[in-house]
There are 2 protein chains.
Amino acid sequence: MKILETVLYAEDLHAAHHFYVELLGLEAISFNPERSLFLRLTGSVLILFRATKTIIPDAGVPPHGCTGQGHMAFAAGPGDIESWKQRLQAANIEILQEITWENGARSLYFPDPSGNLLEFAEPKLWDIEG
Amino acid sequence: MKILETVLYAEDLHAAHHFYVELLGLEAISFNPERSLFLRLTGSVLILFRATKTIIPDAGVPPHGCTGQGHMAFAAGPGDIESWKQRLQAANIEILQEITWENGARSLYFPDPSGNLLEFAEPKLWDIEG
């Protein structure tokens, strides 16, 4: 089974667009600042929704929406951890934590503008080919 | 960029284990009923966390945790929508909505035991090869 859509929530989608598209370099599939930002990744999409616009029944999909700090990880290729660390620091994004796991895989934790906890992690963390 | 980890939150991880492992057939990588259920998917992992155990600082990773209804979608292969619909209904899981999108891709929406909104969707929805 594969994941097709991963979802995070953010109320300020302009800030999310700046962060995910301009800083992280993701491709926007569609952007409605009032409701959603759809981002294309390799083999899947990442969606930022405004929870306040999705927890109410509407003519679209069933209601959903979270408050708090969501979490997800991007796969980091060889050398990615260091280069992302530099890029994030240059953009004044706080590096919250760095971990080298027991099997040698590395993780880098940082916040998005809404406080979601993001991570770059080397796929070997889960015995996945990078 | 690829997604390596997708996260949902659930307080009752025993119910989550029953649902994701026994009903959906996902492989559990690790299961700590007090804190987390790690599930192996093709090329990534899905993690169910108890938000009440992750929003507090601990010796591990930075705090995170959401309340409400998260959302994610699994990729559905040809014929999967129909077969999953039958399996879910046989397990008394409510089918919340079925959609055929403008480009012909189909989606099936259903809840997990914690109220997260799950979806099976055909990858062509996002011009992704199935």
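A brief report on the enclosed structure follows.

Parameters and conventions
- Residues numbered from 1 in each chain as written.
- Chains lettered and ligands numbered in written order.
- Predicted model: local features only at pLDDT ≥ 70, side-chain atom pairs only at ≥ 80, totals over all residues.
- Helix = DSSP H or I, 4+ residues; strand = E, 2+ residues; numbered from the N terminus.
- Rg over C-alpha atoms; globule rule 2.2 N^0.38 Å.
- Buried ≥ 20, exposed ≤ 12 C-beta atoms within 10 Å, placed from the backbone.
- Contact = placed C-beta atoms within 7 Å.
- Nonpolar A, V, L, I, M, F, W, Y, C, P; charged D, E, K, R; others polar.
- Pairing = 2+ DSSP bridges.
- Least-squares fit on C-alpha atoms with pLDDT ≥ 70 in both.
- Core = buried A, V, L, I, M, F, W, Y, C linked by C-beta atoms within 7 Å.

1. Description of the overall build of chain A
- Of regular secondary structure, chain A possesses three helices and nine strands.
- The order of α-helices and β-strands along chain A, N terminus first, is β-α-β-β-β-α-β-β-α-β-β-β.
- Taken over the C-alpha trace, chain A has a radius of gyration of 15 Å; the compact-globule value for 130 residues is 14 Å, and the two agree within 12%.
- When the backbone C-alpha atoms are referred to their principal axes, chain A occupies close to 45 × 35 × 25 Å.
- Split into buried and exposed, the 130 residues of chain A put 39% on the buried side.
- Long-range contacts, defined as pairs at least 24 residues apart, comprise 42% of the intrachain contacts of chain A with a sequence gap of at least 6.

2. Describing the interface of chain B and chain A
- Across the boundary between the two partners, chain B contributes 40 residues, which contact 40 residues of chain A.
- Those elements giving two or more residues to the side of chain B that touches chain A turn out to be strand 1 (3-9), strand 4 (44-49), strand 5 (65-69), strand 6 (71-75) and strand 9 (117-121) of chain B.
- Split by residue class, the side of chain B that touches chain A holds 25 nonpolar, 12 polar and three charged.
- Across three bridges, the pairing between strand 6 (residues 71-75) of chain A and strand 1 of chain B is antiparallel. If you follow A:M72 over to strand 1 of chain B, its bridge partner there is B:T6.

3. As for the relation of the copies chain B and chain A
- With an axial shift of 0.0 Å and an RMSD of 0.0 Å, the rotation relating chain B to chain A amounts to 180°. Taken together, the rotation and translation describe the operation of a two-fold axis.
- Mapped onto chain A, 100% of the interface residues of chain B again fall at the interface, so both copies present the same surface.

4. Describing the nonpolar core
- One finds A:Y20, A:L48, B:Y20 and B:L48 to be the most contacted residues of the largest nonpolar core, which totals 68 residues.
- With sequence-adjacent residues up to four places away left out, B:Y20 is seen in contact with B:L26, B:L37, B:L39 and B:L48.

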